[in-house]
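# Structural description and commentary
Chain residues, written in single-letter form:
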Amino acid sequence: VKYLEYDEDKSMALIEWLEILKIFGAQKVVIYVIKVHVQMMKVLRLYENDGLVEVIELNHPQVLPTPKENTLQFLMRQLISYHDCFYRHNNNYKYIIPLDIDEFIIPKFKEDRTWNDLLKRVVAKNPRKVFSSAAFVAQNAFFFIDELKKFHFIENVNRAKHFSEPHRHAKSFMRTDQVLTIHNHLPLSCVMENKCSNIEID
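Residues numbered from 1 in each chain as written. Predicted model: local features only at pLDDT ≥ 70, side-chain atom pairs only at ≥ 80, totals over all residues. Heavy atoms only, no water.

Before going further, it helps to spend a moment on the state of the cysteines. By definition, a disulfide links two cysteine residues through a covalent bond between their sulfur atoms. All told, the structure shown has one disulfide when counted by the stated rule. Put simply, Cys190 and Cys196 are joined by a disulfide, and their sulfur atoms are 2.0 Å apart. Its S-S torsion of about 105° marks the bond between Cys190 and Cys196 as right-handed, since a negative value means left-handed. Taking relative accessible area as the criterion, Cys190 reaches 1% and is therefore assigned buried. (Disulfide = S-S within 2.5 Å. Buried < 20%, exposed > 50% of the residue type's maximum accessible area, 1.4 Å probe, protein only.)

This next bit is on the packing of aromatic side chains. Inspection of the entire model under this criterion finds six aromatic pairs. With 5.7 Å between their ring centres and 80° between their planes, Trp115 and Phe173 make a pair best called edge-to-face. Taken together, the residues Trp115 in helix H4 (residues 115-125) and Phe173 in strand S6 (residues 171-175) connect sequence positions 58 residues apart. Among the aromatic residues, those joined into a cluster by ring pairs are Phe24, Tyr95, Trp115, Phe136 and Phe173. Stacked on the ring of Phe163, the Lys or Arg Arg159 has its end atom at 4.7 Å from the ring centre. (Phe/Tyr/Trp six-rings, centres within 6.5 Å; stacked < 30°, edge-to-face > 60°. Helix = DSSP H or I, 4+ residues; strand = E, 2+ residues; numbered from the N terminus. Lys NZ or Arg CZ within 6 Å of the ring centre and 35° of its normal.)

Here we come to the environment of Met174. Residue placement: Met174 occurs in strand S6. Remark: the alpha-carbon pair of Met174 and Asn90, spanning 84 residues in sequence, is separated by 9.9 Å.

Attention now moves to helix H1 (residues 11-24). Between its first and last C-alpha atoms H1 spans 20 Å; for 14 residues at 1.5 Å apiece the expected length is 20 Å, and the two agree. Of all the positions in H1, only Ser11, Leu14, Glu16, Trp17, Leu18, Ile20, Leu21 and Phe24 are classed as buried. Packing partners of the buried residues in H1 comprise strand S2 (29-35), helix H2 (38-50), strand S3 (53-57) and H4. Gly25 lies just past H1 and shows a positive phi near 110°. (Expected span 1.5 Å × (residues − 1). Contact = heavy atoms within 4.5 Å.)

Scanning all chains against the criterion turns up eleven salt bridges. Between Lys10 and Glu8 there is a salt bridge; the shortest N-O distance is 4.0 Å. Judged by its relative accessible area of 30%, Lys10 falls in the partly exposed class. The partner of Glu48 in a salt bridge is Arg45, with the nearest N and O atoms 2.7 Å apart. (Salt bridge = Lys/Arg side-chain N within 4 Å of Asp/Glu carboxyl O.)

Ordered by their spatial adjacency, three strands build an open sheet running S1-S2-S3, and the pairing between neighbours is parallel. On the outer flanks of this sheet lie strand S1 (4-5) and S3, each paired with one strand and no other. In this sheet, S3 lies alongside S2 in parallel orientation, the contact comprising five bridges. Residue pairing across strands places Ile31 opposite Val55, the latter belonging to S3. Those strands touched by H1 are S2 and S3, and its axis lies near 165° from that of S2. In this fold H2 packs onto S2 and S3, with an angle of close to 130° to the strand it touches most, S3. (Pairing = 2+ DSSP bridges. Axes fitted to C-alpha atoms, helices over the stretch in contact; angles between N-to-C directions.)

What follows concerns the sheet that holds strand S4 (residues 95-96). One open sheet holds the four strands; their spatial order is S4-S6-S5-S9, and the pairing between them is mixed. At either end of the open sheet lies a strand with only one pairing partner, and these are S4 and strand S9 (197-200).

With that settled, consider the pairing of S3. Each regular strand carries side chains that alternate between the two faces of the sheet. Taken across its five residues, S3 has four buried, putting it largely inside the fold. Once you follow S2 into H2 and on to S3, the crossover reads as right-handed. (Right-handed = clockwise from strand over helix to strand, strands pointing away.)

Take a look at the structure:
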């Protein structure tokens, strides 16, 4: 997870998000923190003690531009934490997914109860492509959020009718044995002649 910088207390949504990731089969959630509400840090430390979460605190130089001053540089700054996580853990895990704390890859079919189930099905459908593929890419769909709901995610079940355009806001299971550099959504460069080939999840 790219660095968190929140003044408001989002601890209940954070708990819900982490529990859902656990259900999907996430083995480790690496979260970078610049500044969060004290309650959110208590939640992170609790999950860190349980072994699901790894918290890495960091600071940025104070002179960096704000999003309004230089949007591109602000967005590129997010890649620091993604790459740090990827290089720290690419020998420990088969897949790494760059996520925000309001994002999930949600299996759509009943037989895909976990991410492992989902990936097994996708691999079985694409046996020839798997060797050269760097990532399994899930399309994006936006959900409509009613802030009055007690549970931020499991009670907000209405989503946009259509998925976003292919690769727009997509999220990917990135293969640690194939990917060299990453972006929020897709691999940037890969081992296979620096060319990244991806498999679209149905």
